[in-house]
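Structural features, examined
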Amino acid sequence: KNQVEQSPQSLIILEGKNCTLQCNYTVSPFSNLRWYKQDTGRGPVSLTIMTFSENTKSNGRYTATLDADTKQSSLHITASQLSDSASYICVVSAKDSSYKLIFGSGTRLLVRP
Amino acid sequence: NAGVTQTPKFQVLKTGQSMTLQCAQDMNHNSMYWYRQDPGMGLRLIYYSASEGTTDKGEVPNGYNVSRLNKREFSLRLESAAPSQTSVYFCASYIARGQGIGNEQFFGPGTRLTVL
């Protein structure tokens, strides 16, 4: 069964600190993996998208990595800001149905001053 | 360019009542989706429409119906609401830019539905 698991479920860090969120997936055949940011009360917004041939991709202070062999991805946030407080969702699509996405349950990040 | 819009933003229903959630996109995307999001769970696909005139069931379609009115609009109907349908509902549209590359879903702001 295609699944996406994220850890930790929640995380609290101080403003200015770095953090790393994890995503493991069992989706096969793999097409691409994306990280979304979801602010409270809003819809998810895409941060990065990676195909199997990409190991890393950055978007400002957000850097995503992908290891297609171990089926793991991470999202690293550098120099966190209060506005980074949100849920971060890992989403994977399969090659046979690239328009159907499998969502992780998300990591809820709280950045404190 | 408003992207994906949803109405209403909030709704409270009594068990057995019916209602329709509206979704529209102005990005000329072919595919549209309805998801529900419950606490501690990932978004789950209810129905999707790969193109105008077609609809297909997703992971959790029971208790819902959809209509792809035209390319822009995709509505979700609850015929007889149940407390288990209390959730946040997201509509999304999808653009495919190539084989797995650059494909992107854009989400609406969500509808928060409570069924008493």
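The model shown is predicted, which means the values in this text are computed figures rather than measured ones. (Residues numbered from 1 in each chain as written. Chains lettered and ligands numbered in written order. Predicted model: local features only at pLDDT ≥ 70, side-chain atom pairs only at ≥ 80, totals over all residues. Heavy atoms only, no water.)

Quick word on the packing of aromatic side chains
Residues and elements named next belong to chain A. This model, assessed by the stated rule, comprises 10 aromatic pairs over all chains. Plain terms: the ring middles of Tyr25 and Phe30 are 5.0 Å apart, the flat faces sit at 25 degrees to each other, and that makes the pair stacked. For the pair shown, Tyr25 and Phe30 are each scored as buried. Where Tyr62 meets Tyr88, the ring centres are 6.1 Å apart and the plane angle is 45 degrees; that geometry is what we call tilted. (Phe/Tyr/Trp six-rings, centres within 6.5 Å; stacked < 30°, edge-to-face > 60°. Buried < 20%, exposed > 50% of the residue type's maximum accessible area, 1.4 Å probe, protein only.)

Considering the state of the cysteines
Residue and element names in this part refer to chain A. What the rule picks out here adds up to two disulfides over all chains. With a sulfur-sulfur separation of 2.0 Å, Cys23 is cross-linked through a disulfide to Cys90. For the disulfide bridge between Cys23 and Cys90, the dihedral angle about the S-S bond is near -65 degrees, and by the sign convention the bridge is left-handed. Of this pair, Cys23 sits in strand β3 (residues 19-25) while Cys90 is found in strand β9 (residues 86-94), placing the two residues 67 residues apart along the sequence. Like Cys90, Cys23 is buried. Residue Cys19 stays outside any disulfide, its sulfur separated by 15 Å from that of Cys90, the closest cysteine. (Disulfide = S-S within 2.5 Å. Helix = DSSP H or I, 4+ residues; strand = E, 2+ residues; numbered from the N terminus.)

As for the pairing of β3 of chain A
Residue and element names in this part refer to chain A. Because side chains alternate across β3, one face comprises the buried residues Cys19, Leu21, Cys23 and Tyr25, and the other comprises Thr20, Gln22 and Asn24, none of which is buried. Here strand β1 (residues 4-7) runs beside β3; their pairing, made up of four bridges, is antiparallel. Its bridge partner being in β3, Ser7 is matched across the sheet by Gln22. Sheet analysis places β3 next to strand β8 (residues 72-77), joined by six bridges and oriented antiparallel. By the bridge assignment, Thr20 is partnered in β8 with His76. (Pairing = 2+ DSSP bridges.)

Keep in mind that these numbers describe shape and distance, not what the molecule does.
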